[in-house]
Amino acid sequence: MIGAQRSRTLGVTMIEVLITIVILTVGLLGVAGLQARMQLAEVESYHRSHAIVLLQDMVDRVAANRRNAMNYVTPTPLGTGNTVQSCIGLTGSAYDLCEWNNALLGASETSSGGQEVGAMIGARGCIINVSATMPREFTVAVVWQGVSPTAAPTATTCGQGLYGDELTRRALVANIKIGCLQNDPTTGLCVTP
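Structure report, in brief. Note that this is a predicted model, so its numbers are computed, not measured.

1. Notes on the pairing of strand 3 (residues 136–145)
Within strand 3, eight of the 10 residues are buried, which leaves it mostly tucked inside the rest of the structure. Where strand 3 meets strand 4 (residues 169–178), 10 bridges bridge the pair, whose relative direction is antiparallel. Paired with alanine 141 across the two strands is valine 173, which belongs to strand 4.

2. Some words on the nonpolar core
Ranked by size, the top nonpolar core spans 24 residues in total, and within it Met58, Val62, Trp100, Ile127, Val140 and Val142 carry the most contacts. Listed by contribution, the elements that provide at least two residues to this core are helix 2 (14–64), helix 3 (92–104), strand 3 and strand 4. Tallying contributions element by element places helix 2 first for this core, with six residues. Those residues in contact with methionine 58, other than ones at most four positions away along the chain, are Tyr72, Asp96, Leu97, Trp100, Ile127 and Val140. Counting five residues, the second-largest nonpolar core is a separate cluster that includes Cys126, Val143, Cys158 and Tyr163.

3. Some remarks on the sheet that holds strand 1 (residues 78–79)
In space, the four strands of this open sheet follow the order 1-2-3-4, with antiparallel pairing throughout. Here the strands that pair on one side only, and so sit at the sheet edges, are strand 1 and strand 4. The sheet contact formed by strand 1 and strand 2 (residues 124–131) spans two bridges and is antiparallel. Within strand 2, the residue paired with leucine 78 across the bridge is glycine 125. Along the sheet, helix 2 makes contact with strand 2, strand 3 and strand 4, crossing strand 4 at roughly 20°.

4. What about the pattern of salt bridges?
Within this structure, the stated rule accounts for four salt bridges. One salt bridge in this structure joins glutamate 44 and arginine 170, with 3.0 Å as the shortest N-O distance. Of this pair, glutamate 44 sits in helix 2 while arginine 170 is found in strand 4, placing the two residues 126 residues apart along the sequence. Considered together, glutamate 44 and arginine 170 belong to a single accessibility category, that of buried residues. Residue aspartate 57 is joined to arginine 61 by a salt bridge in which the shortest nitrogen-to-oxygen separation is 3.1 Å. One end of the pair, aspartate 57, and the other, arginine 61, are both in helix 2, four residues apart, so they sit about a helical turn from each other. Assessed through its relative accessible area of 27%, aspartate 57 is described here as partly exposed.

The rules behind these values
- Residues numbered from 1 in each chain as written.
- Predicted model: local features only at pLDDT ≥ 70, side-chain atom pairs only at ≥ 80, totals over all residues.
- Heavy atoms only, no water.
- Buried < 20%, exposed > 50% of the residue type's maximum accessible area, 1.4 Å probe, protein only.
- Helix = DSSP H or I, 4+ residues; strand = E, 2+ residues; numbered from the N terminus.
- Pairing = 2+ DSSP bridges.
- Core = buried A, V, L, I, M, F, W, Y, C linked by side-chain atoms within 4.5 Å.
- Contact = heavy atoms within 4.5 Å.
- Axes fitted to C-alpha atoms, helices over the stretch in contact; angles between N-to-C directions.
- Salt bridge = Lys/Arg side-chain N within 4 Å of Asp/Glu carboxyl O.

Structure, rendered in structure tokens:
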């Protein structure tokens, strides 16, 4: 009799096993959900870092060619919606805009099938003239489609309405101010280049 009582107290009941399985299953599902969210955050982070590189590239190009800054203004967004262009023979701002368009399309990286894959989803770029008087001000924007909805960007209208839900549109914006490049010797006023 003592042996029979002892075996009942040492064993694990089926209910305890089932409860343990349920707890482990809920925990593993939580870890899987966390893994999926981390993957989305990693994709968003990659897109943002790529956009920073593209934005800084164009800001540097405009700043290096200050006398012809007005030639950089884009009437429509570059990138998605356009085709990869040949930049051979182009110079100055035309060359810079051609290169930027191709970079926004992801032309620097291609798949084995020849498709451009090196850019964000729906990448577009705009350069807007904010002020035609000195100091001239320009806004350079890079926009793309995010993976999950957040808040709609308000700093730029570049790409607005082109991504379906505005909550998935992402934007990075930089402002450039170009001061007076030359003063009139007789009046001392700024001469517009």
